[in-house]
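Spelled out, the chains give:
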Amino acid sequence: MAKLWNSFFVVLVFVSPCTAHCSGHGDGVSSAATAIFSIGGFPVTDSIVMGWVISAFTIFALKFALRGGVKTIPSTGQSVVESIIGGLREIMEPVVGRKALPVVFPCLLAYFFFILLQNLGGLLPGMGSIGIRIDGEFRPFFRPSNSDLNATLALALVAFFAWAYFCVKCAGVGGLYYEIFGNKAEKSEISSLMYCALFFVFFAVGLIECISILCRVISLSFRLFGNTFGGENLLHNMYGFSTILKNMPVVNYLSYLIPLPFYFLEFLVAIIQSFVFTLLLSVYIGLVCNHGDHGGEFLKGEEYV
Amino acid sequence: MVFSGTVLFGTTDFSGLFDRFGIDWHLLVVQSLNFILVAFLLYRFGFRSVIKVMDERREKIESGLVYADRMKKEMASFESSRATRVEAAMKEADDIVKTAKTNAKTILEQGKTESHRMAENIISAAEKEIAFLRENILHDTKAKIGSLVVEVAKAVLAAKMTDEDRDGYAAAAEKMMLSKNLQ
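Residues numbered from 1 in each chain as written. Chains lettered and ligands numbered in written order. Predicted model: local features only at pLDDT ≥ 70, side-chain atom pairs only at ≥ 80, totals over all residues. Heavy atoms only, no water.

**Q** Sorry, what's going on with the overall build of chain B here?
**A** Along the backbone of chain B there are 4 helices and 0 strands. What you see in chain B, going N to C, is helices and strands ordered as α-α-α-α. Buried positions account for 14% of the 183 residues belonging to chain B. Surface accessibility of chain B: about 14500 Å² in total, with carbon and sulfur atoms responsible for 64%. (Helix = DSSP H or I, 4+ residues; strand = E, 2+ residues; numbered from the N terminus. Buried < 20%, exposed > 50% of the residue type's maximum accessible area, 1.4 Å probe, protein only. Areas by Shrake-Rupley, 256 points an atom, 1.4 Å probe, with all protein chains shown as cover.)

Here is the structure:
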């Protein structure tokens, strides 16, 4: 496994800067994905192609890691998968809550693995550099999926509906309503008049909360898109900078090393962003389903404790 | 969002934003379906079985630890009770051995006494038997000696006496012998 990781780093570090983002020097990465062809009116862009490639790779990698079946005494591949899943579960369990975790966890895992591998795929050689030139315009075949706002927005929209589904499933419609609009004041601590007045206050706060919930779609999608797209531009510009230095007599041999530190940076960003997205989604779910700080959990059919 | 749109793109219209980033509902649908499909396949072919095995393993480890803990406690309890039982058994064994020794001694003494008594009885019976036999032998011997004397006397007298004398003497001798024997 260590050899595999070493090989991966060698490829990532020494090949990627030489090949990636060779196109369009100076213009930066296009903010919109480029349509390559269409199927039944649905345009297929370079980011979608990359998404499919990485998705297929993710599924096959998982199948490869779990080849021979999942056993109680794990193989090496199964141990790697289990260690990642176990680590994420350790982190997510206190956030989501023990009772909601079995329902929510597979979805969180899918988000983590999908975003992580899509982000890491953006560092592979050939991103933006393999394509065709039509009418003088270069159209790459591959673009990191998460540097397309459509992809991140789609992820955020699915996350929003998943959040709603999990909240209803775990807390019930009443629980969700109570969490957003419910009067959370202690009746014994305030006067009845104040308590009744607080119903309107909490309802107004709930309306603002609804806006906040809807804005999560924007925040989730733009955060991931901004980081990935910014990273792509950074690498692209660093590569452009290195090509300028290449013409200088003394530093020309060092020119290819300039993007190198930024690849490490992007490697970290890829991991962090996938983790941030997953963690935020789990926090959103946990805000409704998990009330461990109050000494109980809010679950369907149960009274809030 | 309106403010951001104004600053970045000089417009309050989101269509500019959508155009600039190429947002298209077709692409949104495709990307959403792509993720949902991948998530389902990952769950179906990987996560479900891995999570299940991890849960089973965790349950096995937890139950194993509980079992080991329980066994440890039972072992300690058993060790303690075993020591108590062994001590009690040792004490009981000592008592039994003591009792057995006492009983054996008593039985031995009784045996000795009984054997002595039996030996004395046997000796006494033997002595009686011997005395009885001696008496019988003496009686028989006397009777035989008497008859021999009579026979001898008969023989001696047969030579010098008549038959009548012999019979008279023989009868008188016999009477005398018998009377002495009877005495």
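**Q** Please clarify how the pattern of salt bridges should be interpreted in this entry.
**A** For the structure on display, the rule yields 8 salt bridges over all chains. Residue D55 of chain B pairs with R89 of chain A through a salt bridge whose shortest N-O separation is 2.8 Å. Placement of the pair is D55 of chain B in helix 3 (residues 25-160) and R89 of chain A in helix 3 (residues 76-96), with the two residues belonging to separate chains. The exposure class of D55 of chain B is partly exposed, given its relative accessible area of 29%. On the accessibility criterion, R89 of chain A (8% relative accessible area) is buried. The closest approach of N and O atoms between R98 of chain A and E93 of chain A, which form a salt bridge, is 3.4 Å. When its relative accessible area of 63% is taken as the criterion, R98 of chain A is described as exposed. (Salt bridge = Lys/Arg side-chain N within 4 Å of Asp/Glu carboxyl O.)

**Q** Where do I start with the interface of chain B and chain A in this structure?
**A** For an interface, size is often stated in terms of accessible area lost upon the parts coming together. Contacts between the two partners involve 34 residues from chain B, matched on the other side by 47 residues from chain A. Interface of chain B and chain A: buried area, both sides summed, is about 3600 Å²; carbon and sulfur atoms make up 75% of it. For the chain B face of the interface with chain A, the top three residues by lost area are F21, Q31 and F35 of chain B, together amounting to 19%. Residue R57 of chain B is joined to E82 of chain A by a salt bridge in which the shortest nitrogen-to-oxygen separation is 2.6 Å. Counting the contacts that link chain B with chain A gives 5 residue pairs in polar contact (both at pLDDT 80 or more). Of all the secondary-structure elements, those providing two or more residues to the side of chain B that touches chain A are helix 2 (14-21) and helix 3 of chain B. (Contact = heavy atoms within 4.5 Å. Buried area = accessible area lost by both parts, 1.4 Å probe. Polar contact = N/O pair within 3.5 Å; in protein donor to acceptor, adjacent residues only side chain to side chain.)

**Q** Hey, could you run me through the packing of aromatic side chains in this one?
**A** Think of a pair of aromatic rings as described by two things: how far the centres are apart, and how the planes are tilted against each other in angle. Tallying each qualifying case throughout the model produces 14 aromatic pairs over all chains. With centroids separated by 5.2 Å and ring planes inclined at 35 degrees, the aromatic side chains of Y177 of chain A and F181 of chain A adopt a geometry described as tilted. Placement of both Y177 of chain A and F181 of chain A in helix 5 (residues 149-181) is noted, with a separation of 4 residues, approximately one turn of the helix. You can call Y177 of chain A partly exposed: its relative accessible area is 47%. Residue F181 of chain A is classed as buried on the basis of its relative accessible area, which comes to 15%. One aromatic cluster in this structure is built from Y111, F114 and F277 of chain A together with F35 of chain B. A cation over a ring is seen here: K184 of chain A above Y178 of chain A, with NZ or CZ 5.7 Å from the ring centre. (Phe/Tyr/Trp six-rings, centres within 6.5 Å; stacked < 30°, edge-to-face > 60°. Lys NZ or Arg CZ within 6 Å of the ring centre and 35° of its normal.)

**Q** Which parts of the structure should I look at to understand the packing of helix 4 (residues 101-121) of chain A against helix 7 (residues 260-289) of chain A?
**A** Working note: a packed helix pair is described by the angle between its axes plus the distance between those axes. Residue and element names in this part refer to chain A. Remark: helix 4 packs on helix 7, axes separated minimally by 8 Å, with the N-to-C direction vectors making an angle of 160 degrees. Accordingly, the angle class assigned to the pair helix 4 and helix 7 is roughly antiparallel. The handedness of the crossing between helix 4 and helix 7 is right-handed. For the pair formed by helix 4 and helix 7, the contact residues are V104, L108, Y111, F112, I115, L116, N119 and L120 on the first element and F267, A270, I271, Q273, S274, F275, F277, T278, L281, S282 and I285 on the second. Class assignment for the residues of the contact of helix 4 with helix 7 results in 14 nonpolar, 5 polar and no charged. (Axes fitted to C-alpha atoms, helices over the stretch in contact; angles between N-to-C directions. Parallel < 35°, antiparallel > 145°, perpendicular 65-115°, else oblique. Left-handed = near helix turned anticlockwise from the far one by under 90°. Nonpolar A, V, L, I, M, F, W, Y, C, P; charged D, E, K, R; others polar.)

**Q** Where do I start with the pairing of strand 1 (residues 35-39) of chain A in this structure?
**A** Regular strands have side chains that alternate between both faces of the sheet. Residues and elements named next belong to chain A. Note that strand 1 and strand 2 (residues 42-45) share 4 bridges and pair antiparallel. Note on strand 2: the bridge partner recorded for S38 is P43. Counting the residues that bridge the hairpin from strand 1 to strand 2 gives 2 residues, and of these G40 lies at a positive phi of roughly 55 degrees. (Pairing = 2+ DSSP bridges.)

**Q** Quick question: what am I supposed to make of the pairing of strand 3 (residues 131-134) of chain A here?
**A** Sheet topology places strand 3 of chain A next to strand 4 (residues 137-140) of chain A; 4 bridges connect them, and they run antiparallel. Bridged to G131 of chain A within strand 4 of chain A is P140 of chain A.

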